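# Structure at a glance
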Amino acid sequence: MEEQDSRHRTVCVTGGAGYIGSSLVKKLLEKGHTVHATLRNLDDHSKVGLLKNFPEANTKLRLFKADIYNPDEFNLAIQGCDFVFHVATPFQNSTQSSQYKDTTKAAVASVESIVKTCLRSGTVKRLIYTASVMAASPWKEDGSGFKDSMDESCWTPLDLPNNYYRSNFLKDYTFSKTIAEKKLLNYECKENKLELVSLACGLVGGDTVLSYIPASLGCLMSQPLNDPNSYQSLEFLQELLGKVPIVHIDDVCEAHIFCMDQWSLQGRFLCASDFITTKEVADYFCRYHPDICIADEFLGRHGSTVRWGSTKLNDVGFKHSYDAKLIFEDSFQCLRKMGAFE
Ligand SMILES: NC(=O)c1ccc[n+]([C@@H]2O[C@H](COP(=O)([O-])OP(=O)(O)OC[C@H]3O[C@@H](n4cnc5c(N)ncnc54)[C@H](OP(=O)(O)O)[C@@H]3O)[C@@H](O)[C@H]2O)c1
């Protein structure tokens, strides 16, 4: 696959202060790009301070206020950009909004509005949407069991029984990521004026530039942390997908930038470097960190026989640098530095 020339770009990152967003902004700045990052609250000194302290931020970073519940607010941040990374997603429904009754409606409206703004801009070549493997369950459409493998052809059926989801949050998140990604990929961009890419990432772990434990890192490490709430989400992922696709934050950011750097790229790509079970996570920590005591209820389960069948991202030339062992170890060291095991 041919790469674009390596001149420095102007790019927008929505949700620039979140877990993935902040690492992506940092890496883009390090690579010499100019970044327009959006946050909901520019008076949040901890988030603004974090971003402004990145190397090159004083000359190459501009911050914009934008809320998905007012999707037109992204217009200003997108103006003049060559590429847009739509990373932000609503995790909780805004009670102040009467316009959107749930997170799915808000997420879909933000996708629609951002696609239209990119098209109107006349400068944006490609929109890269941070999707989730939760939209790519290998469940057969008739609910009779799993397909043999999980790949880009898989879409999570949205008629699973309500009691399948372990919480309203998990149900809402699965719906919003699935419907928003479908909306993006079904968008007709006439005359190929705008390329649309969805990068459906596995559960992200590894390091963080944030000063707190991001939710996905906490979920991946829920067993050594003996954290029942996050473990519930991890078990749900395994139930929904057969096993748990995982990926390192560094690979996630590199994959986003890889999608930008290609001369031409469109469509759906799953992004994970390993497909593991909760039993394998527990076994790893029992073996390599026996000082960490994992309670019986967190010792994990064997997964299904579903295979990881996605090669699309590798086929276009992307190489993951972190396998499961490196992801576990970096996640563990990161949490230990934060004092999570004291
Ligand atoms: N982490 C994972 O394992 C994983 C895996 C697959 C896909 N993803 C996707 O990656 C993206 C980022 O996730 P993350 O793990 O980095 O989560 P995160 O740390 O919680 O970040 C979420 C981001 O979304 C923004 N946001 C939330 N509600 C918003 C709203 N109403 N309007 C505008 N922005 C809003 C937040 O902005 P503020 O800073 O303004 O609060 C924050 O920057 C999401 O789209 C998620 O679905 C994550």
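Above this text is the structure in question.
Let us look at the structure shown here.

Cut-offs applied
Residues numbered from 1 in each chain as written. Predicted model: local features only at pLDDT ≥ 70, side-chain atom pairs only at ≥ 80, totals over all residues. Heavy atoms only, no water. Pairing = 2+ DSSP bridges. Helix = DSSP H or I, 4+ residues; strand = E, 2+ residues; numbered from the N terminus. Axes fitted to C-alpha atoms, helices over the stretch in contact; angles between N-to-C directions. Contact = heavy atoms within 4.5 Å. Parallel < 35°, antiparallel > 145°, perpendicular 65-115°, else oblique. Left-handed = near helix turned anticlockwise from the far one by under 90°. Nonpolar A, V, L, I, M, F, W, Y, C, P; charged D, E, K, R; others polar. Salt bridge = Lys/Arg side-chain N within 4 Å of Asp/Glu carboxyl O. Buried < 20%, exposed > 50% of the residue type's maximum accessible area, 1.4 Å probe, protein only. Near = heavy atom within 4 Å. Polar contact = N/O pair within 3.5 Å; in protein donor to acceptor, adjacent residues only side chain to side chain. Areas by Shrake-Rupley, 256 points an atom, 1.4 Å probe, with all protein chains shown as cover.

Now for the sheet that holds strand S2 (residues 34-39). Pairing in this open sheet of 7 strands is parallel, and the strands run S3-S2-S1-S4-S5-S7-S10 from one edge to the other. Only two strands of the sheet have a single partner each, and these edge strands are strand S3 (61-65) and strand S10 (267-271). Within this sheet the neighbouring strands show an average axis-to-axis angle of 20°, counted without direction. Contacting strand S1 (10-14), strand S4 (83-86), strand S5 (126-132) and strand S7 (195-201), helix H5 (residues 103-121) crosses the sheet at an angle of about 175° to S4.

Interhelical geometry of helix H11 (residues 278-288) versus helix H13 (residues 324-337) gives an angle of 65° and a closest axis separation of 11 Å. With respect to H13, the element H11 is oriented roughly perpendicular. In this structure, H11 crosses over H13, and the sense of that crossing is right-handed. Contacts between H11 and H13 pair Val 281, Tyr 284, Phe 285 and Tyr 288 from the former with Lys 325, Phe 328, Glu 329 and Phe 332 from the latter. Here the contact of H11 with H13 is built from residues that sort into 6 nonpolar, no polar and 2 charged.

Under the definition given, this model contains 15 salt bridges. Of the charged contacts, one joins Lys 27 and Glu 254 as a salt bridge, the two residues approaching to 2.9 Å between their closest N and O atoms. With Lys 27 in helix H1 (residues 19-30) and Glu 254 in helix H10 (residues 249-261), the pair connects residues that are 227 residues apart, well separated along the chain. We classify Glu 254 as partly exposed; its relative accessible area is 25%. A salt bridge links Lys 337 to Asp 207, with the nearest nitrogen and oxygen atoms 3.9 Å apart. Highlighted residues: Lys 337 in helix H13 and Asp 207 in the loop between strand S8 (203-205) and helix H7 (215-220), separated in sequence by 130 residues. Classification of Lys 337 by relative accessible area gives exposed; the value is 67%.

Our focus in this paragraph is the site of the ligand. As a structural note, the neighbourhood of the ligand is formed by 27 residues, with Tyr 19, Arg 40, Ile 68, Val 87 and Tyr 173 the closest of them. Between an oxygen atom of the ligand and a main-chain N or O atom of Tyr 19, the distance comes to 2.7 Å. Within the contact set of the ligand, an oxygen atom lies 2.8 Å away from a backbone nitrogen or oxygen of Ile 20. The protein chains hide 89% of the 880 Å² of surface that the ligand would expose on its own. Put simply, the parts of the chain that give the shell around the ligand at least two residues each are H1, S5, helix H6 (168-186) and S8. With 3 residues, S5 is the single largest residue contributor to the shell around the ligand. In the shell around the ligand, the residues fall into 16 nonpolar, 7 polar and 4 charged.

Taken by themselves, the reported measurements are silent on function.
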